[in-house]
Amino acid sequence: MTNNDNLVLFDNIKNIRKNGEYSGSIISKCKNESKSVIFSDNITISEDKIVISQGLMVGFDKNGDKKIAFSEKSDFSWIDDFSSIEYSVIISDDIMNQYDEGQFSDAFPYTINLLHTAGLYFNDYKYNIDHLDFFKGEILKNPVAVIFNGICVADRVVIDHRGDPVFYDCLIVGRDQNEELAASYEPLVNVDDKVVEYIIILGIESLKE
Amino acid sequence: MLLYENRKQKFLNILRLGLNPFKKFVSTGEIKEDLGIIRSREHFLESIVELIESNKNFILPIIGGVGAGKTHCFWALKEKLYYYNLVYLSLENVYRKFYYKFYSKYIEEMGVKVLRNITSQLCNEWGALERKFGFFHVADIKKVKWKGFLELSKDFEDITILKDVVNVITTHQLDPYKKIEAENWLLGELMDYKALSRLKLLSDLKKKDYAYTMLKILIEKSKLGSVLYLDEFDTIIPMIHPDKSQTSQIYDPSWFYGDDTNPDRLTANKIIDRILNLQNIKGLKIILTMKSIESFVEIKKLIQEKNPDLLYNFREPLILPNFIEKDVFQFYKKSLKSFAKDINYIDFIEAFPDSYFPLNEKILKGIFTKARGNPRQITKYLLKIFNEIIFSGKKLEKIIIEYENEFNL
């Protein structure tokens with residue numbers, strides 16, 4: 001299937017549900033405590049079931065008195081009760097092609113690839129994590145960020161001299177003023193760390209099969 | 001306002017500074033020529049272009065005597081086929097390391113950006129851009145290499161060489177730490193053992209099998225067509241059949257080795273084998289230039305002895321004719337116009353569009369007759385006359401009369 005428009009497959013707030021089997025680049029946001037995001041290349045939506053097979057769930061999990069970033073490859077399904085899934089959006093091929101073209105880190109040896117998934121930043125009064133200063137001036141590969149209602153998946157993030165993250169080659173999914181879901185590609189996004197809920201750097205091991 | 005006479009005098013004065021419009025009478029594959037081709041040869045050029053555009057593979061012999069303009073024809077062809085990778089090689093310079101030298105020239109013509117695009121395109125085809133979980137590019141280099149090898153293996157016999165070449169291509173795109181070494185290798189640079197061992201290779205592209213494999217991959221993947229213009233191909237004939245009458249007093253390798261194992265003969269045979277092997281590269285067109293139809297017959301005979309099937313791709317030779325009389329006038333005018341542009345005095349040409357100053361029609365006709373229409377001889381005569389105008393200190397009228405007498409006009 002090739003799609004040239006972003007397609008909202010499921011939206012709990014706007015009561016949208018488009019039944020069918022879809023494949024492509026799909027982002028699903030969960031409404032759970034860990035505010036996790038699922039990346040997948042497939043989703044099946046029916047009246048009573050939503051199934052994602054072999055997706056990658058990313059978020060923060062509570063571990064004792066700490067919150068730890070995780071990325072977990074698994075099959076996910078919701079039966080009858082869809083309250084814990086906020087939305088699922090399939091990104092258009094045009095945007096994905098732009099995203100592919102913007103990738104550069106394979107040709108740039110000074111990008112830091114983490115082996116295991118780790119939290120770079122977690123904006124929480126109790127479990128606060130902030131490693132931005134530690135990575136100031138560095139280029140980190142495969143960041144995923146949740147910023148208010150939006151999700152930002154980027155090829156790389158650079159921590160600038162102020163300690164703010166700058167995302168390069170980004171896919172952004174979020175809600176506009178009318179709460180409508182939208183997705184877009186941005187070559188560069190500058191974000192103040194105060195508006196960021198969390199940034200997770202995906203480990204290369206969890207991405208490899 | 002300047003008078004006509006003044007303009008002519010000014011032009012003469014400029015010439016007498018030591019500037020000759022006919023400095024060069026031998027064309028080379030290295031120095032670009034902008035003069036273009038004269039009208040009577042346009043049809044000849046068109047027929048080559050048509051052949052190139054309507055065929056995938058062929059070997060086209062072009063026959064023209066010494067100084068007929070075979071090398072000049074390359075530059076005219078290059079201007080016309082600007083959307084092709086047109087590579088010039090003179091056989092005299094490529095007896096040794098033929099594939100390597102062809103590869104180096106091909107890369108020079110193609111450019112490093114296109115090389116990068118092709119390796120990137122290949123790696124993408126082999127799954128380098130596969131998206132994990134719909135988004136993330138995590139290239140599994142081993143998997144990409146294996147897929148690349150499987151895809152190419154049906155076209156290549158030597159598996160070891162192919163594995164090495166696929167290894168370099170994938171390393172170039174997917175391994176940032178060895179990218180520079182891989183690119184140097186792909187550009188045909190000579191490499192030391194340290195750099196080679198980092199790439200896990202035994203040799204650089206000097207090794208003929210590597211160069212051939214890379215040529216085949218690049219030419220077949222290139223979006224532009226590819227043409228090899230192999231000049232002076234008949235220099236191979238004296239190597240195969242040395243002229244005994246001329247070599248009796250000069251050392252000849254056959255004194256040591258005998259005729260059959262004469263190293264020159266072996267080299268010549270190798271060259272022919274390598275050129276014929278290039279026919280296996282899809283989309284590569286080969287143009288061979290030679291001086292006479294006898295040379296063509298001789299080469300054809302030689303290939304027939306090796307394997308008659310190899311003659312399948314040979315086209316009927318095209319004969320490059322000498323100039324006809326009116327070509328001399330056109331050539332003269334074109335050369336002077338180009339010269340006037342170079343010296344920033346195009347006003348002179350515009351002021352006298354029908355004049356052949358400082359020469360005249362009679363002299364040009366005389367040159368044509370003397371040179372028997374051979375372009376190089378014509379250029380040599382023009383060079384000589386202009387040198388006399390520039391350096392002799394004689395009056396122009398006197399020089400003209402002297403040459404009119406010399407040409408019996």
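Just so it is clear, the model here is predicted, and its values are computed rather than measured.

A. Inspection of the overall build of chain B at higher detail. Along the backbone of chain B there are 20 helices and seven strands. Oriented by its inertia axes, the alpha-carbon framework of chain B measures out at about 85 × 60 × 40 Å. Of the contacts formed within chain B by residues at least 6 apart in sequence, a portion of 73% connects residues at least 24 apart.

B. Main features of the overall build of chain A. The number of helices and strands found in chain A is two helices and 16 strands. Against the compact-globule benchmark of 17 Å for 209 residues, chain A has a radius of gyration of 17 Å, which places it among compact chains. Reported as C-alpha extents along the three principal axes, the dimensions of chain A are approximately 50 × 40 × 40 Å. Here chain A, with 209 residues, has 35% of them falling under the buried criterion.

C. Fine view of the sheet that holds strand 1 (residues 58–63) of chain B. Residue and element names in this part refer to chain B. Overall, parallel pairing links the five strands, which are arranged 2-5-6-1-7 in an open sheet. The outermost strands of the open sheet, each flanked by one partner alone, are strand 2 (84–90) and strand 7 (318–319). One ladder, built from seven bridges, connects strand 2 with strand 5 (residues 225–231); its direction is parallel. Across the sheet, the residue bridging to Leu86 is Val227, located in strand 5.

D. Representation of the domain arrangement of chain B in the model. All names here are of chain B. Partitioning chain B into structural domains gives domain 1 (4–27 + 324–406), domain 2 (39–83 + 224–319) and domain 3 (102–219). For domain 2 and domain 3, the distance between their C-alpha centroids amounts to 31 Å. The interface of domain 2 with domain 3 comprises five residues on the first partner and four residues on the second.

E. View of the interface of chain A and chain B. Contacts between the two partners involve 20 residues from chain A and, on the opposite side, 15 residues from chain B. Elements represented by at least two residues in the side of chain A that touches chain B include exactly strand 3 (20–30), strand 4 (37–45), strand 5 (49–63) and helix 2 (204–207) of chain A. Across the side of chain A that touches chain B, the residue classes break down as ten nonpolar, six polar and four charged.

F. Expanded view of the sheet that holds strand 4 of chain A. Residues and elements named next belong to chain A. An order of 2-1-7-3-4-5-6 is seen for the seven strands of this open sheet, with the pairing classed as antiparallel. Taken across any chain shown, the strands that pair with only one partner, and hence form the sheet edges, are strand 2 (16–17) and strand 6 (66–79). Alignment of strand 3 against strand 4, held across eight bridges, turns out to be antiparallel. Along strand 4, the bridge assignment pairs Tyr22 with Ile43.

G. Summary view of the packing of helix 6 (residues 141–153) of chain B against helix 7 (residues 159–174) of chain B. All names here are of chain B. Running from amino to carboxyl end, helix 6 crosses helix 7 at an angle of 135°, the nearest separation of the two axes being 9 Å. Between helix 6 and helix 7, the angle falls in the class oblique. Of the two elements, helix 6 crosses helix 7, and the hand of that crossing is right-handed. Seen from helix 6, the contacting residues are Ile141, Val144, Lys145, Gly148, Phe149, Leu152 and Ser153; seen from helix 7, they are Ile159, Leu162, Lys163, Val166, Asn167, Ile169, Thr170 and Leu174.

H. Focus on the pairing of strand 6 (residues 284–290) of chain B. Residue and element names in this part refer to chain B. In terms of burial, strand 6 is a largely internal element, seven of the seven residues being buried. Of the two faces of strand 6, the one carrying Leu284, Ile286, Leu288 and Met290 and the one carrying Lys285, Ile287 and Thr289 are both buried. Direction of pairing for strand 1 relative to strand 6: parallel, over a ladder of six bridges. Paired with Leu60 across the bridge in strand 6 is Ile287. Sheet topology places strand 5 next to strand 6; five bridges connect them, and they run parallel.

I. Structural context of the packing of helix 16 (residues 325–342) of chain B against helix 18 (residues 361–371) of chain B. Residue and element names in this part refer to chain B. Across the interface, helix 16 lies against helix 18 with an axial gap of 9 Å and an inter-helix angle of 120°. Taken as axis vectors, helix 16 and helix 18 run oblique relative to one another. Considering the relative orientation of helix 16 and helix 18, their crossing is right-handed. Residues Glu325, Val328, Phe329 and Tyr332 of helix 16 touch helix 18, and the partners they reach there are Leu364, Lys365, Ile367 and Phe368.

J. Highlighting the environment of A:Leu56. Among the secondary structure elements, A:Leu56 is positioned in strand 5. For A:Leu56, a count of 25 C-beta atoms within 10 Å gives the class buried.

K. Molecular detail of the environment of B:Phe331. All names here are of chain B. Looking at the element boundaries, Phe331 is found in helix 16. For the pair formed by Phe331 and Ile378, sequence separation is 47 residues and the distance between their alpha carbons is 9.7 Å. Not counting chain neighbours up to four residues away, the residues in contact with Phe331 comprise Ile38 and Phe323.

L. Here's a closer look at helix 8 (residues 179–186) of chain B. All names here are of chain B. Considered for burial, the residues of helix 8 that qualify are Glu181, Ala182, Trp185 and Leu186. Projection of helix 8 onto a plane perpendicular to its axis shows the buried side chains occupying an angular sector of 135°, all on one side. Next to the buried residues of helix 8 lie helix 5 (112–125), helix 7 and helix 9 (193–198). Directly after helix 8, the chain includes Gly188, whose backbone phi takes a positive value near 85°.

M. Representation of the domain arrangement of chain A in the model. Residues and elements named next belong to chain A. The domain boundaries assigned to chain A delineate domain 1 (7–91) and domain 2 (93–207). The centre of domain 1, based on its C-alpha atoms, is set 19 Å off from the matching centre of domain 2. Looking at the side of domain 1 that touches domain 2, the elements that each hand over two or more residues are strand 1 (7–11), strand 3, strand 5, strand 6 and strand 7 (85–91). A class-by-class count of the residues in the side of domain 1 that touches domain 2 yields twelve nonpolar, two polar and seven charged.

N. Broad picture of helix 18 of chain B. Residue and element names in this part refer to chain B. The complete set of buried residues in helix 18 reads Ile363, Leu364, Gly366, Ile367, Phe368 and Ala371. Those residues of helix 18 hidden inside the fold are in contact with helix 16, helix 19 (375–391) and helix 20 (396–406). The positive-phi residue at the C-terminal boundary of helix 18 is Arg372, with phi of around 50°.

O. Broad picture of the nonpolar core. B:Tyr103 and B:Leu215 are the most contacted members of the largest nonpolar core, which totals 90 residues. The leading source of residues in this core is helix 10 (residues 208–221) of chain B, at eight residues. If near-sequence neighbours (up to four positions away) are discounted, B:Leu215 is found in contact with B:Tyr99, B:Phe102, B:Tyr103, B:Tyr106 and B:Ile281. With 50 residues, the next largest nonpolar core counts A:Leu120, A:Tyr121, A:Cys152 and A:Val173 among its residues.

P. Expanded view of the environment of A:Asp176. Structurally, the position occupied by A:Asp176 is in the loop between strand 14 (165–175) and strand 15 (181–190). Considering only alpha carbons, one finds A:Asp176 and A:Glu138, 38 residues apart in sequence, at a separation of 32 Å.

Parameters at a glance
- Residues numbered from 1 in each chain as written.
- Chains lettered and ligands numbered in written order.
- Predicted model: local features only at pLDDT ≥ 70, side-chain atom pairs only at ≥ 80, totals over all residues.
- Helix = DSSP H or I, 4+ residues; strand = E, 2+ residues; numbered from the N terminus.
- Contact = placed C-beta atoms within 7 Å.
- Rg over C-alpha atoms; globule rule 2.2 N^0.38 Å.
- Buried ≥ 20, exposed ≤ 12 C-beta atoms within 10 Å, placed from the backbone.
- Pairing = 2+ DSSP bridges.
- Domains from an automatic or database assignment.
- Nonpolar A, V, L, I, M, F, W, Y, C, P; charged D, E, K, R; others polar.
- Axes fitted to C-alpha atoms, helices over the stretch in contact; angles between N-to-C directions.
- Parallel < 35°, antiparallel > 145°, perpendicular 65-115°, else oblique.
- Left-handed = near helix turned anticlockwise from the far one by under 90°.
- Arc of directions from axis to C-beta.
- Core = buried A, V, L, I, M, F, W, Y, C linked by C-beta atoms within 7 Å.

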